[in-house]
Protein chains: 2
Amino acid sequence: MKIAIDAMGGDFAPEAVIKGINQAKKNFPEMTFLIFGDEVKIRELLENEKNVEIVPTTEVVDFHDDPLRVIKTKKDSSMVRAIQAVKLGEADAVLSAGSTGALLTAGLLQIGRIKKVERPGLLTTLPTADGRGFDMLDLGANAENKPEHLRDYAILGSYYAKHVRGIENPRVALLSNGAEESKGSAMIKEVHGMLQELNEQSLIHFIGNIEARDILDGIADVVVADGFTGNAVLKAIEGTMSTMFKVLKSTIKNGGLKTKIGGALIKNDLSALKSMGSGVGGAVLFGLKAPLVKAHGNSNPEAIASAIGQVHKMVESQVVGKLVEYYGKKETEIK
Amino acid sequence: MKIAIDAMGGDFAPEAVIKGINQAKKNFPEMTFLIFGDEVKIRELLENEKNVEIVPTTEVVDFHDDPLRVIKTKKDSSMVRAIQAVKLGEADAVLSAGSTGALLTAGLLQIGRIKKVERPGLLTTLPTADGRGFDMLDLGANAENKPEHLRDYAILGSYYAKHVRGIENPRVALLSNGAEESKGSAMIKEVHGMLQELNEQSLIHFIGNIEARDILDGIADVVVADGFTGNAVLKAIEGTMSTMFKVLKSTIKNGGLKTKIGGALIKNDLSALKSMGSGVGGAVLFGLKAPLVKAHGNSNPEAIASAIGQVHKMVESQVVGKLVEYYGKKETEIK
């Protein structure tokens, strides 16, 4: 198993990325790492070079680059070269903590879509109070979707939950403005019908509509949304968590002695709560011909190692191959 | 000033509603309360009947009633009668903590829209870390919107922030999947252009797109969204706050002695944080010919009194009359 890694992407690159690789190498001794970036720095940070191939690159994609053009303007960037390694069959999957827009666009153009998946969706595993988590897509790879795309997301999400997260018969829900079947925009109502059909064919386990209020409760294993709404919901969750921590911190800081002592005593537990906000692993642009994982821009070595573990599971489970097979077989049902 | 109140709506009706009225009467000695509901119970709970008219009704709208039909099926309900009092000019505004769907539908049909406001939007004031708050609409009165509706929400939101909340030159932002002008669905891009035009005409102070991640930071005073996305974002915020409290509570409960002591010491401050989640006042179906306010279903007397204060401000500021005037004058600009 070979994984291509963009060493130069993310706020703490290349240090956090390489230290994450050092950790992951212990967990996955059979994995080979193709590392793209500044050769000298990479070599300095690596604990050893076993199962490692360093590919020196001269450019770095940053947040000012136009995502639509990086393939042309930053040909020798660590990100574009890492993606290209997958395209050329030199690696099984790619991981980057760099600019989301650039990574998704370059990944889509270079790696390409699974046949019949018109619009790959951005998927991530979000936390629930019970610690089990759920997968949600599309989180914003698309600013607009057609009903058929959301039908694909139900299939893609089910495959991910089953094969990558090991959930048997994952419960799929459709994000709407009410749990009742009658709720939603015209598009959501149409998708509802499509998912009911997939359910009747036993292709997914559809449990109906879900409101954004209930998704963190662990009622569903997969939540299907259009990219615009999914993106807004994800960011609302992130923003709320971050705001509540700020308020909690300043409450403790500006409180009386009693509050300060109390705050100091529960500090460790609060950081456990905080980890809830950072989600689990990275975000996958799912529906491509190979796994492409975007780690958080502010990933530390642990987060990188965790994202490598996620890529490992995706490759090992052959979830992409299984999807290719599904979409190949279902000639008649799927346009 | 006369306010019609549905005494029978909400989880703790009529007790919470009448106790809320008892409080509000002290704050607003010039206000007259038209109270609709069970006469005996209302009389029992009222501290005194100064400035009060009780209108006995025999029915109660509940969550099983079809919102589209309550006007016909529950003609003598406290909710429908309270709305009708506004229609007949017997009251200046209406307040209910009952079923949202029924209240919005009956209110729209009975009170009617301000001329040229095609789709009134649901508006509420949400909390920010700095305590200032912001107004957001539409929060789900509509499952689908046209660009013109969102243009109206920018105007409506500005008028509310200025006249009801006293914010000079309120900053209006458009909810999108990125802060850049280029971000968003085709509809959001079209709305962006419309709001820029309103800004050039000095009719609003438009500051551009905003992501759901940043709305709680107090960057904008008014956030404009389509009803489907606005509803999802509001519910994601509510759900995240509620989940974090659950996790925090169970962390403290299941923690060691140190954590338990810490939790006990900061308990009061946590409840201050919790109040952040309940928002400020009720939700307004804004764009009607008179104020219609929906208090939370689980309102306690304080929440009811606060919502009455909100109604008082809306009536006193004559915000609805000012909007009628605006839409009357702007014959040429507004279709």
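Residues numbered from 1 in each chain as written. Chains lettered and ligands numbered in written order. Predicted model: local features only at pLDDT ≥ 70, side-chain atom pairs only at ≥ 80, totals over all residues. Heavy atoms only, no water.

Brief notes about the side chain of Asp138(B)
All names here are of chain B. What counts is decided by this rule: Where helices and strands are cited, they refer to DSSP runs of H or I of at least four residues and of E of at least two residues respectively, numbered from the N terminus. Between buried and exposed lies partly exposed: a residue is buried under 20% and exposed over 50% of the maximum accessible area for its type, with that area taken using a 1.4 Å probe on protein chains only. His residues and chain termini do not enter the charge count, which takes Lys and Arg as positive and Asp and Glu as negative. Any Lys or Arg side-chain nitrogen located within 4 Å of an Asp or Glu carboxyl oxygen qualifies as a salt bridge. N or O atoms within 3.5 Å of each other form a polar contact, as long as, within protein, one can give a hydrogen and the other can take it, and as long as residues adjacent in sequence are counted only when both atoms are side-chain atoms. In what follows, a contact means two residues having at least one pair of non-hydrogen atoms within 4.5 Å.
Looking at the secondary structure, you find aspartate 138 in the loop between strand S6 (134-137) and helix H6 (147-164). Buried charge aspartate 138 goes without a salt bridge, the closest partner of opposite sign being arginine 119 at 7.1 Å. At a separation of 3.0 Å, a polar atom in the side chain of aspartate 138 contacts the main-chain amide nitrogen of glycine 140. Engagement of the side chain of aspartate 138 in a polar contact is seen with the backbone nitrogen of alanine 141, the distance being 2.8 Å. If sequence neighbours within four positions are ignored, aspartate 138 has contacts with Gly121, Leu122, Asn145, Tyr153, Ala225, Asp226, Gly227, Gly230 and Asn231.

Some thoughts on the domain arrangement of chain A
When the parts of a complex come together, some accessible area is lost, and that lost area is often taken as the interface size. All names here are of chain A. Note the following rule: Note that domain bounds follow an automatic or database assignment of domains. What counts as buried area is the accessible surface, traced by a 1.4 Å probe, that two parts surrender upon association, with contributions from both included. Residue polarity follows a fixed list, in which Ala, Val, Leu, Ile, Met, Phe, Trp, Tyr, Cys and Pro are nonpolar, Asp, Glu, Lys and Arg are charged, and the others, Gly among them, are polar.
Under the domain assignment, chain A is made up of domain 1 (2-117 + 287-321) and domain 2 (126-278). Each of domain 1 and domain 2 has a C-alpha centre, and these two points are 26 Å apart. The partner domain 2 presents 8 residues to the 10 residues of domain 1 that form the contact. Interface of domain 1 and domain 2: buried area, both sides summed, is about 730 Å²; carbon and sulfur atoms make up 67% of it. At the surface where domain 1 touches domain 2, the tally comes to 1 residue pair in polar contact (both at pLDDT 80 or more). With 4 residues, helix H10 (residues 301-317) is the largest single contributor of residues to the side of domain 1 that touches domain 2. Taken together, the residues of the side of domain 1 that touches domain 2 sort by class into 4 nonpolar, 4 polar and 2 charged.

Focus: the relation of the copies chain A and chain B
The condition is simple: In this comparison the copies share one frame, found by least squares on the C-alpha atoms of residues holding pLDDT of at least 70 in both.
When chain A is fitted onto chain B, the two copies agree to an RMSD of 0.0 Å after a turn of 180° and an axial shift of 0.0 Å. Look at the turn and shift together and you get a two-fold axis relating the two. In terms of proximity to the rotation axis, the leading residue of chain A is Gly262(A), whose C-alpha is 1.8 Å off the axis. Interface overlap between copies: 100% of the residues of chain A at the interface are likewise at the interface in chain B, consistent with a symmetric, same-surface contact.

A closer look at helix H7 (residues 186-200) of chain A
For clarity, the threshold we go by: Expected span of a helix, by definition, is 1.5 Å for each gap between consecutive residues, and there is one gap fewer than residues.
Here H7(A) spans 22 Å end to end across 15 residues, near enough to the 21 Å set by a 1.5 Å rise per residue. For H7(A), every residue scored as buried is listed here: Met187(A), Ile188(A), Val191(A), His192(A), Met194(A), Leu195(A) and Leu198(A). Buried-residue contacts for H7(A) involve helix H6 (147-164), strand S7 (171-175), strand S8 (205-210) and helix H11 (319-329) of chain A together with helix H8 (227-254) of chain B. Phi for Ser202(A), located one or two positions after H7(A), is positive at around 55°.

Digging into the nonpolar core
Put simply, the test is: The criterion is simple. A nonpolar core is a set of buried Ala, Val, Leu, Ile, Met, Phe, Trp, Tyr and Cys residues joined through side-chain atoms within 4.5 Å.
Grouped together as the largest cluster of nonpolar side chains are 94 residues, with contacts concentrated most on Met136(A), Ile215(A), Met136(B) and Ile215(B). If sequence neighbours within four positions are ignored, Ile215(B) has contacts with Thr128(B), Phe134(B), Met136(B), Leu175(B), Ile210(B), Val223(B), Val233(B) and Ile237(B).

Concerning the pairing of strand S1 (residues 2-6) of chain A
Residues in a regular strand point their side chains to alternate faces of the sheet. All names here are of chain A. For clarity, the threshold we go by: For two strands to count as paired, DSSP must find a minimum of two bridges between them. For a crossover, the right-handed case is the one in which the path from the first strand over the helix to the second runs clockwise, viewed with the strands pointing away from the viewer.
Counting buried residues along S1, 4 of its 5 residues qualify, which places the element largely inside the surrounding structure. Pairing geometry for S1 and strand S2 (residues 32-37), over 5 bridges, is parallel. Counterpart to lysine 2 in the pairing with S2 is threonine 32. Between the parallel pair S1 and S2, the chain is carried across by helix H1 (residues 15-27), and the sense of this crossover is right-handed.

Observations concerning unusual backbone geometry
In this chain, Ala13(A) is followed by Pro14(A) through a cis amide linkage whose omega measures -5°. In this model, Leu137(B) is joined to Asp138(B) through a cis peptide bond whose omega is -5°. Although it is not a glycine, Asn169(A) sits at a positive phi angle of roughly 50°. Inspection of the secondary structure assignment puts Asn169(A) in the loop between H6 and S7.

Thoughts on the environment of Ala102(A)
All names here are of chain A. If you trace the backbone, alanine 102 turns up in helix H5 (residues 100-111). By relative accessible area, alanine 102 is classed as buried at 0%. Separated by 28 residues in the primary sequence, alanine 102 and lysine 74 have C-alpha atoms spaced 10 Å apart. In contact with alanine 102, other than residues within four places in its own chain, are Val61, Pro67, Val70 and Met79.

Concerning the packing of helix H1 (residues 15-27) of chain B against helix H10 (residues 301-317) of chain B
Residues and elements named next belong to chain B. Note the following rule: Interaxial angle, 0 to 180 degrees, is taken between N-to-C directions of lines fitted to C-alpha atoms, where a helix line uses only the stretch in contact. An angle below 35 degrees is treated as roughly parallel, one above 145 as roughly antiparallel, one from 65 to 115 as roughly perpendicular, and anything else as oblique. Left-handed describes a crossing whose near helix is turned anticlockwise from the far helix by less than a right angle; the clockwise case is right-handed.
It is the contact of H1 with H10, at a shortest axis distance of 7 Å, that shows an interaxial angle of 55°. Taken together, the axes of H1 and H10 are oblique relative to one another. Crossing handedness for the pair H1 and H10: right-handed. Within the contact between the two elements, H1 uses Ala16, Val17, Lys19, Gly20, Ile21, Gln23 and Ala24 and H10 uses Pro301, Glu302, Ile304, Ala305 and Ile308. Residue composition of the contact of H1 with H10, by class: 8 nonpolar, 2 polar and 2 charged.

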